[in-house]
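Coordinate inspection notes
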Amino acid sequence: MSRIPRENSKGKGKGKGKRPHKAGNASKAPAVEPLNIQHGSLPSREVILRFIADHPQKASKRELARAFGLKGDSRVDLKRLLQELEQEGMLQKTRKSLIRPGALPPVTVLDITTRDKDGELIGRPAEWPDEQGVAPAVAIRQSSSPAGRNGKGKAPVAGMGDRVLAKIFPAADRGGPAYSARIIKVLDKRRTASMGVFKEAPGGAGRLLPIERRGEEMVIDPDYTGGAKDGDLVEVEVARLGRFGLARAKVLSIVGSVGSEKAISMIAIHAHGIPNIFPPAVVAEADDAKPATMSHREDWRDVPLVTIDPPDAKDHDDAVYAEMDPSPDNIDGVIVTVAIADVSYYVRPNSPLDREALKRGNSVYFPDRVVPMLPERISNDLCSLREGVERPALAVRMTFSKEGRKIGHTFHRIMMRSAAKLSYQQAQAAIDGQPDDKTGPLLEPILKPLWHAYKVMTRGRDRRQPLELDMPERKILLKPDGTVDRVVVPPRLDAHKLIEEMMIQANVAAAETLEKKKQVLIYRIHDGPTLAKQEVLREFLATLGISLAKGGNMRSNNFNVILDKAKDTPHQTMVNEMVLRSQSQAIYSPENIGHFGLNLMKYAHFTSPIRRYADLIVHRALVGSLGLGEGGITPDEEASLDDIAAEISTFERRAMAAERETVDRLIAHHLAGRVGEEFEGRIGGVTKSGLFVALPDYGADGFIPISTLGMDYFIYDEAHQALSGEKTGLGYRLGDSVTVRLAEAIPLAGALRFEMISEGRKMPTAVRSFHKAGRRDASAARKKAGTRPPRGRR
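Being a predicted model, the structure only gives us computed values, none of them experimental.

1. Observations concerning the pattern of salt bridges
Under the defined criterion, the tally for this structure stands at 39 salt bridges. Among the salt bridges present, the one from Arg301 reaches Glu390, with a minimum N-O distance of 2.8 Å. Here Glu390 lies in strand E19 (residues 390-400) and Arg301 lies in the loop between strand E13 (298-300) and strand E14 (306-309), a separation of 89 residues in the sequence. What makes Arg301 partly exposed here is its relative accessible area of 23%. Accessibility expressed as a relative area gives 34% for Glu390, which makes it partly exposed.

Okay, structure coming up:
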């Protein structure tokens, strides 16, 4: 199911000229046509560089001349131009071809290190210079044909941990890895460590039970158990591979008991290849960092900026302040100031800190731990806007009219001193008439002006009409021993909305400023729903008597009308879920298409550089383009923004998957001792195979196979999101409240299996009539084929 990450800083989201549009796969169009040049004439430097980036397999001098139709003197001029580009460091010569510095050659040795959200293999270059930053990700294209090239022999098939020789192609799809690859040869099998559960075997030996569905069981000889005990979560390396039987492994380290919550989050960290240990060089650079000075900074230490965060927050990277605009040209207007920790001062391009931050892409949040993008010395100390302590920041002052329209903004590099550290609940209580000793003195001069400014900004938000999904966010609370205590839905306060709206507007201001300066940047983009997804949603809504206009030019307010019609009806939750499923995934890109969900044309992440690499890039772009001192974006970074955007989009999806899987495993672990008990749930998904049932009290989902629903033959109706019995007309629809029994809990897989207790309800007339013709056709087809409905589904 596609998700739209909440677009704010609290989450838990000097080049000139425009970047050229990147061409797609070389095989899809003639090489020269997209470049818009005259055949037979010497192309410009920019065209040559773009051609080499898009067509690495044709990047020799001979291929370039052939592609552009160059002959005679033009070939001599091409040779001279290529030599100039090589001397300037814009091109790099390999044995057979030319490549852009930092780009992958046409044939590369890759180590397969992880999988993407669809389970497809992802590799990285086996050798990659540290000075070039993080190695780019490559999507592995496994051949479905039994034959290799030219139809001879067996096509090489690789797995996790293998080292392969691969043919490299530029990726055609935006938002994923920058390259794809076809395997030429598997050079070495299973080079990396694996994780699994140690199970004792007779004679002191053991077995490794894999934690991944596609993993393989391994034998661990007595001499290689490393002291592991039954039920320990261990890391192993393959000690020996034979032609027959199971692989043999050696225990490298013991993570802990599989029954502990620490082990559960470590499973996700390992399974998704999330870096969780900072190299010594990175720690040393962070420890050696000195506090920022006043150089190139404005003194804002007397501005009463305050931080408002969750009560358990360890770092504070944003602060806010608001006041009435004194200008006579903006009566009743407000000025809102947002200050963000100046991470770009400490994390310089291509430093060990920077390379490790890009390698991680973002911080990852688990119920029991955080895997940070930056070391604690940076994130929790030097770049944490602590109360009463001088800290460097990048600030934006935004002016709004009384109607909530932003009429101007300016950016400043400052030194600030936070006037107070407040929690959301603390600030909200003060506004609601219950100030404490700390918020009492702040109420009139700071908090009330902030709430007034938020009220003004809300007028602009209401006019903009971003997508207003009502999807409560659940939080797992742990006991002191690390086990699950309970799952709660924290109240959504105006304090949350205030910070969110101020961060959104700061992000807009950053994108607008960089565009005005003609500075390349990484946008946060969100495409509208595809026509196919719109059609699925339209059919579903029609079953509820709700219409959705046809046409490709949908806007967020079209969906808000639907959500408003479903509000306070029995269908409210399932309509919100179906609208969410229809949405695309938000990604990072240097090419702007706007943000559909927020209904904004210019949007970039600026407000959380401590935990998102995209924000750090935007900070550097602002520092460089506005001449604000050290730490600006470099030409090498500008040239690599396509790859960086693809990388961090992939890492964001990796983090989301790891967080989601950890929650699933924690809840399955929590409920493992309650097999046989009954729970109240709601149908959250309907498929041909069965029903997904959500337990609202736990934030967990479980599955009911269709074969266990009863003796009727159940028919899947996608338009109505229902399973209905052929004989009885009784069935289940998306959103139905049901009682289920927990039949099985598998903590390692994060899986729950339920049995249905509730009787099916009579399906609406529309559903039953929809199947009349289908039942006759199905019955006729079965008679003709001499078959019967599957056992258990009649």
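Here the narrative resumes, following the displayed structure.
2. Notes on the packing of helix H15 (residues 613-625) against helix H17 (residues 641-671)
It is at 10 Å that the axes of H15 and H17 come closest, and there the two elements cross at 150°. Relative to H17, the element H15 is oriented roughly antiparallel. Counted together, Tyr613, Ala614 and Ile617 of H15 and Leu641, Ile644 and Ile648 of H17 form the full contact between these two elements. When the residues that make up the contact of H15 with H17 are grouped by side-chain class, the tally is 6 nonpolar, no polar and no charged.

3. Quick word on the pairing of strand E9 (residues 206-210)
It is a general feature of regular strands that their side chains alternate between the two faces of the sheet. For strand E8 (residues 194-200) and E9, the ladder comprises 5 bridges, and the chain directions are antiparallel. Pairing of Lys199 across the sheet is with Arg207, part of E9. The hairpin turn running from E8 into E9, its antiparallel successor, is 5 residues long, and Gly203 in that turn takes a positive phi close to 80°. Pairing between E9 and strand E10 (residues 218-220): 3 bridges, direction antiparallel. From the neighbouring strand, Gly206 faces E10, where its bridge partner is Ile220.

4. Regarding the pairing of strand E30 (residues 722-725)
Across the two faces of E30 the burial is the same, with Ala722 and Ser724 and Leu723 and Gly725 all buried. Judged from the 4 bridges that link them, strand E29 (residues 714-717) and E30 form a sheet pairing that is antiparallel. Directly across from Asp717, in E30, lies its bridge partner Ala722. Linkage of E29 to E30, two consecutive antiparallel strands, is achieved through a turn of 4 residues, within which Gln721 is found at a positive phi near 50°. Pairing of E30 with strand E31 (residues 730-733), which is carried by 3 bridges, proceeds in the antiparallel orientation. The residue bridging Ala722 from the neighbouring strand is Arg733, located in E31.

5. Some thoughts on the packing of helix H12 (residues 531-542) against helix H14 (residues 572-582)
Each pair of packed helices can be summarised by the angle the axes make with each other and by the distance between the axes. At a closest axis distance of 9 Å, the pairing of H12 and H14 adopts a crossing angle of 165°. By the angle between their axes, H12 is roughly antiparallel relative to H14. Crossing of H12 over H14 shows right-handed handedness. When H12 is examined against H14, the residues Lys533, Leu537, Phe540 and Leu541 are found in contact with a partner set consisting of Met574, Val575, Met578, Val579, Arg581 and Ser582. Among the residues forming the contact of H12 with H14, the class breakdown is 7 nonpolar, 1 polar and 2 charged.

6. A look at helix H10 (residues 443-464)
Between its first and last C-alpha atoms H10 spans 30 Å; for 22 residues at 1.5 Å apiece the expected length is 32 Å, and the two agree. Just beyond H10, the residue with positive phi is Gln465, at close to 55°.

7. Focus: the confidence of the model for the chain
Averaged over the chain, the pLDDT score is 83; the fraction of residues at 70 or greater is 82%. Contacts for the low-pLDDT stretch residues 11-35, under 50 throughout, to residues beyond four places or in other chains number 56 contacts.

8. Describing the side chain of Ser649
With respect to the secondary-structure elements, Ser649 resides in helix H17. The exposure class of Ser649 is buried, given its relative accessible area of 1%. Among the polar contacts listed, one links the side chain of Ser649 to the backbone oxygen of Ala645, at a separation of 2.9 Å.

Cut-offs applied
Residues numbered from 1 in each chain as written. Predicted model: local features only at pLDDT ≥ 70, side-chain atom pairs only at ≥ 80, totals over all residues. Heavy atoms only, no water. Salt bridge = Lys/Arg side-chain N within 4 Å of Asp/Glu carboxyl O. Helix = DSSP H or I, 4+ residues; strand = E, 2+ residues; numbered from the N terminus. Buried < 20%, exposed > 50% of the residue type's maximum accessible area, 1.4 Å probe, protein only. Axes fitted to C-alpha atoms, helices over the stretch in contact; angles between N-to-C directions. Parallel < 35°, antiparallel > 145°, perpendicular 65-115°, else oblique. Contact = heavy atoms within 4.5 Å. Nonpolar A, V, L, I, M, F, W, Y, C, P; charged D, E, K, R; others polar. Pairing = 2+ DSSP bridges. Left-handed = near helix turned anticlockwise from the far one by under 90°. Expected span 1.5 Å × (residues − 1). pLDDT = per-residue confidence, 0-100. Polar contact = N/O pair within 3.5 Å; in protein donor to acceptor, adjacent residues only side chain to side chain.

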